[in-house]
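Okay, here's what each chain looks like letter by letter:
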Amino acid sequence: MAHFSHIEKLVCFLPLLVLVFCLGDAVRGRGHFAIDDATLESAVKLHGEEARQRLLAWEKLIRENDSDTDEAKLEAVNVFFNRMQFVDDQQHWGKQDYWATPVEFLATGAGDCEDFALAKYFTLKAIGVKENKLNMTYVKALRLNQAHMVVTYFRQPGAEPLVLDNLVKEIEPATRRKDLLPVYSFNGSGLWLAKARGQGEKVGKSGRLHRWQDLLQRLPEGLN
């Protein structure tokens, strides 16, 4: 988890959001999503055969998910990623605040809250959940007294969001998550200051987060 003082700086856009999410040629296209052999072999060399199996399971999830409803897609993705292990960035990557790509996250089988949230967000988009229903939301986890990131899903504008969280296995409405204090949220189209447990007041486009824009330009077709 990131330090909350860092999140407060992010809200003020100083410094800008730091995100490294470059899959390069690791995947190809929404319709025929596939992880290339070089990426798989590199993952095996660094992290063992189980890394290959996790990445292939992710590929299968994206290519073969035929859920009829968003709720079923949310459940499938949440269960899939919540099997991974939580490890602090400093311990896992030797850095204070490192945001892993889904490939790195799955290859190692571990990551922190941002890694869980980002992997869920992009996977949900890849299997057909509309971006305007999804946010990555920074909160303060009150019981831990730490900053935390979750994915929030809105069935429709103004609706109470559902929360996908690595701390709690079940997907729950935001009003049931009294342990989370919203700070701000963002997706590919905007950035909002949190209000209660809804989407809150829009304060600009996420394009103001230059690192996020750089990320989107690096994403292969099918994940953007």
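Refer to the structure above for everything that follows.
These remarks concern the structure in this document. (Residues numbered from 1 in each chain as written. Predicted model: local features only at pLDDT ≥ 70, side-chain atom pairs only at ≥ 80, totals over all residues. Heavy atoms only, no water.)

Observations regarding the environment of Thr123
With respect to the helices and strands, the residue Thr123 is situated in helix H7 (residues 113-126). Given the relative accessible area of 0%, Thr123 is considered buried. The spatial distance from the C-alpha of Thr123 to the C-alpha of Lys73 is 9.6 Å, given a sequence separation of 50 residues. Leaving out residues up to four positions away in the same chain, Thr123 has contacts with Trp58, Leu61, Ile62, Val77 and Phe81. At 2.7 Å, the side chain of Thr123 forms a polar contact with the backbone oxygen of Ala119. (Helix = DSSP H or I, 4+ residues; strand = E, 2+ residues; numbered from the N terminus. Buried < 20%, exposed > 50% of the residue type's maximum accessible area, 1.4 Å probe, protein only. Contact = heavy atoms within 4.5 Å. Polar contact = N/O pair within 3.5 Å; in protein donor to acceptor, adjacent residues only side chain to side chain.)

Side note on the environment of Ile62
The topology assignment puts Ile62 in helix H3 (residues 49-64). With 29 residues separating them in the primary sequence, Ile62 and Phe33 have C-alpha atoms 7.1 Å apart.

Observations concerning H3
Working note: α-helix, 3.6 residues per turn, so residues spaced by three or four point in the same direction. Its 16 residues give H3 an end-to-end C-alpha distance of 22 Å, which sits within 8% of 22 Å, the value for a rise of 1.5 Å per residue. Of all the positions in H3, only Ala51, Arg52, Arg54, Leu55, Trp58, Glu59, Leu61 and Ile62 are classed as buried. Buried-residue contacts for H3 involve helix H2 (37-47), helix H4 (70-81), helix H6 (102-108) and H7. (Expected span 1.5 Å × (residues − 1).)

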